[in-house]
Amino acid sequence: MKMCDYMQKINYSIQDINNTLRTIKNFESKNVIYLIVLVDWIKESVNKITSSINPEVLKHFNFSKEQILNEYDAFFTAIRSFAVAHPLSTDRHAKFKLDGNYICVDIRDNWGILGFKGKNFYFTLNKNGLEEKLDKSSDFYLYCYSDKDDNMKFFRIIGCQYCDIIDAARLYITKLYELNDYLAKQKKAKYII
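Definitions and limits used
- Residues numbered from 1 in each chain as written.
- Predicted model: local features only at pLDDT ≥ 70, side-chain atom pairs only at ≥ 80, totals over all residues.
- Heavy atoms only, no water.
- Helix = DSSP H or I, 4+ residues; strand = E, 2+ residues; numbered from the N terminus.
- Buried < 20%, exposed > 50% of the residue type's maximum accessible area, 1.4 Å probe, protein only.
- Core = buried A, V, L, I, M, F, W, Y, C linked by side-chain atoms within 4.5 Å.
- Contact = heavy atoms within 4.5 Å.
- Salt bridge = Lys/Arg side-chain N within 4 Å of Asp/Glu carboxyl O.

A few words on unusual backbone geometry. If you check the backbone angles, Lys97 has positive phi at about 60° while not being a glycine. Summarising the element assignment, Lys97 is placed in the loop between helix H4 (66-85) and strand S1 (102-108). Take Lys97: its relative accessible area is 37%, and that puts it in the partly exposed class.

The next thing to look at is the nonpolar core. One finds Phe140, Leu142 and Ile158 to be the most contacted residues of the largest nonpolar core, which totals 50 residues. For this core, the element with the highest residue contribution is helix H6 (residues 162-184), accounting for 12 residues. Setting aside its immediate chain neighbours within four residues, Ile158 contacts Phe82, Phe123, Thr124, Leu125, Leu130, Phe140, Tyr141, Leu142 and Cys144. Phe121, Tyr141, Tyr143 and Phe155 belong to the second largest nonpolar core, which has 7 residues in total.

Time to look at the pattern of salt bridges. Summed over the entire model, instances satisfying the criterion amount to 11 salt bridges. Residue Lys43 pairs with Asp73 through a salt bridge whose shortest N-O separation is 3.0 Å. Of this pair, Lys43 sits in helix H2 (residues 29-51) while Asp73 sits in helix H4; the two residues are 30 residues apart in sequence, bridging distant segments of the chain. Under the relative-accessibility criterion, Lys43 is labelled buried at 14%.

What follows is the structure, encoded as C-alpha cells:
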C-alpha cells in the first residue's frame, strides 16, 4: 500500500509541475519554491520506493544514468537548501560555494539594475556549481548577501534556470522507470521487504 501511495505522490507532483510550468510566464517567486518542493517530493518518493525493496534483489540493479543523477541530485539538494529549506544558513554545499557565506533573501524574475562592476556580485548556479558570471537570460534570480566577503553590505545575484530543477525530476522518474523494468523480471514475492 505504501508503494502505491508513493506512486500517487509522484503522479500528483508531475501533474502539479506541468500545471505550474504552463503558467510560468507570469513570474511569481512562490512558483519557484513550489517547483522545488514538488521535485523534492518526487525525489523522496523514489527514494522511499527504492528503500522498500529487498536490498538483495536490488544488488544487480544499475541505473544507466546514475552518475548524472548524482550530479543533479547534489545540485538540487543545494538549491533546495539555499532557496527553500535553509536560506539564512545553508552551509553544507561547498561544491556549490554554499558553505555559509551566502544568505538568500529573495527570489526575483530579473537581475535588476544594481550596477555593480566585477565578478564578485553576479553568479550562475547550475549542476556544475556556482559560476562567477551572470546569465542574463536566467529564468529567476536569487538575491543574496555575503556574510564573510563584505559583512552583508552588497547584494549578490545568482541566476538559475527552471530546466535544471526539472531535469533533476526527469532523472528521478527515469530511474523509477528503469527500476520498474528491472523488477518486472524479478519474482514479486522476493522483492518486498
